[in-house]
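As a plain string of letters, each chain reads:
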Amino acid sequence: WSWFGRPDPAATGGAWASTPPLPPDSTWNSTWLQTSFTLDRAMYFSFDYAKAGSGNLEFQLDGESVYAPDFDPWTSGLHTFQRELSAGPHTARWVAGIFAEGGRAGHSVVDNLSFAVPPPRVWFVTNEQEIAENGGSATVFMQLEEPCGAPVTVLYSASGTAMAASDYAVAPQLGSVTFAPGDT
């Protein structure tokens, strides 16, 4: 981690920083934080950020600038950024600036960087099936992205113009399916 700024003792994550104060007789100052990391699997990457007064903050992920709605550096107050990143190398860079406005400078803060494993994903194996009215039955399969060490319960529902009971029957009942540990 490289931070060119000043440590912020109020940082709740313990190690993050905010823009430095303006040097005497200055109207603008800029500082940046950059980190590179490699993920061995897809993960959620998140951090908290805040802008106060005339401070500003830019964020780049893998060389691309990130803007609203994912990242909103123009609105004062505390915000949280979260995005799922794929496995592989990544670089995150924050550029914070402060401007003297009416004799007072604002600031920006980055805090609580974290990574979390996303929940398992489930999908239908076939997107759609057609059956003629009174034409029999169809089996719909669901698949879990990868085996899990604990049961995974998925809630689901049916929608459309067909009426349950008079136009179709579902066995087992609509509502949920549970994948046992190790199943996909």
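*Asks:* I would appreciate a short explanation of the packing of aromatic side chains in the present structure.
*Replies:* Centre distance and the angle of the planes are the two values used to describe a pair of aromatic rings. Following the criterion strictly, the structure yields 14 aromatic pairs and no others. On the basis of an interplanar angle of 40 degrees and a centroid distance of 5.5 Å, the ring pair of Phe37 and Phe45 is categorised as tilted. Neither Phe37 nor Phe45 differs from the other in exposure class; each is buried. Members of the aromatic cluster, each reached through a chain of ring pairs, are Phe37, Phe45, Phe47, Tyr49, Phe59, Phe71, Phe81, Trp94 and Phe115.

*Asks:* For this particular structure, what's the right way to read the nonpolar core?
*Replies:* One broad trend across soluble globular proteins is that nonpolar side chains are buried collectively. In this structure, Phe45, Phe47, Phe59, Phe71, Phe81 and Trp94 are the most contacted members of the largest nonpolar core, which totals 19 residues. Among the elements of the structure, strand S4 (28-39), strand S5 (43-52), strand S6 (56-61), strand S8 (77-85), strand S9 (88-101) and strand S11 (107-116) are those that each provide at least two residues to this core. Sort the elements by how many residues they give to this core and S5 lands first, with four residues. Once residues within four sequence positions are removed from consideration, Phe47 is found in contact with Phe59, Phe71, His79, Thr80, Phe81, Trp94, Val110, Asp111, Asn112 and Leu113.

*Asks:* Would you mind going over the pairing of strand S14 (residues 152-155) with me for this structure?
*Replies:* Along a regular strand, successive side chains alternate from one face of the sheet to the other. Of the two faces of S14, the one lined by Val152 and Val154 is fully buried and the one lined by Thr153 and Leu155 carries no buried residue. The pairing of S14 with strand S15 (residues 176-179) spans four bridges and is classified as antiparallel. Note that in S15 the partner of Leu155 across the bridge is Ser176.

About the criteria used
Residues numbered from 1 in each chain as written. Predicted model: local features only at pLDDT ≥ 70, side-chain atom pairs only at ≥ 80, totals over all residues. Heavy atoms only, no water. Phe/Tyr/Trp six-rings, centres within 6.5 Å; stacked < 30°, edge-to-face > 60°. Buried < 20%, exposed > 50% of the residue type's maximum accessible area, 1.4 Å probe, protein only. Core = buried A, V, L, I, M, F, W, Y, C linked by side-chain atoms within 4.5 Å. Helix = DSSP H or I, 4+ residues; strand = E, 2+ residues; numbered from the N terminus. Contact = heavy atoms within 4.5 Å. Pairing = 2+ DSSP bridges.

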